Amino acid sequence: MAAMNMNQEQFEQAIREEKPVLVDFWAPWCGYCRRIGPAYEKIGEEYADSLAVGKINIDEEPRLAGAEGIEVIPTLVLYRNGKAVDSITAPGSMAEIDRFIQGALAK
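Thresholds applied
- Residues numbered from 1 in each chain as written.
- Predicted model: local features only at pLDDT ≥ 70, side-chain atom pairs only at ≥ 80, totals over all residues.
- Heavy atoms only, no water.
- Disulfide = S-S within 2.5 Å.
- Buried < 20%, exposed > 50% of the residue type's maximum accessible area, 1.4 Å probe, protein only.
- Helix = DSSP H or I, 4+ residues; strand = E, 2+ residues; numbered from the N terminus.
- Arc of directions from axis to C-beta.
- Contact = heavy atoms within 4.5 Å.
- Polar contact = N/O pair within 3.5 Å; in protein donor to acceptor, adjacent residues only side chain to side chain.

### Some thoughts on the state of the cysteines
Disulfides are covalent bonds that connect the sulfur atoms of two cysteines.
Working step 1: Using the criterion set out here, one finds one disulfide in the structure.
Working step 2: For Cys30, the disulfide goes to Cys33, at an S-S distance of 2.5 Å. Because the sign of the S-S torsion sets the handedness, a value of about 80 degrees for the bond joining Cys30 and Cys33 places this disulfide among the right-handed ones. Both residues of the pair, Cys30 and Cys33, belong to the buried class.

### Things to note about helix H1 (residues 8-16)
Working step 1: Of all the residues in H1, the buried ones are Phe11, Ala14 and Ile15. The buried residues of H1 occupy an angular sector of 90 degrees when the element is viewed end-on, so they sit on one face. Turned more than 90 degrees from where H1 packs its buried face, Glu9 and Arg16 sit exposed.
Working step 2: On its buried face, H1 sits against strand S2 (21-26), strand S3 (52-57), helix H3 (62-67) and strand S4 (75-80).
Working step 3: The residue sitting at the N-terminus of H1 and contributing the capping side-chain oxygen is Asn7; that oxygen lies 3.1 Å from the backbone nitrogen of Glu9.

See the structure below:
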């Protein structure tokens, strides 16, 4: 399943679900965000059974980004049971995102 664009309400609902949620905090003007976008979409497809995948545009949800402590984009945050488990900033490849997910899910 492709990554879902989320607003604050959808984000708050998603992180309360049983399934862990990986959230990409990004912005359309961020060239690096656009470059890793296809890899992030592929991650969403590969982990569809075990992980929900969403995207939050920080320009549209600046308060949420601030509340989550997002200072650099792209930042990926894995949430489980309503809490951030781990995060990675500016991953270099799909393999790096995959390693991050495996490590974060193991916590």
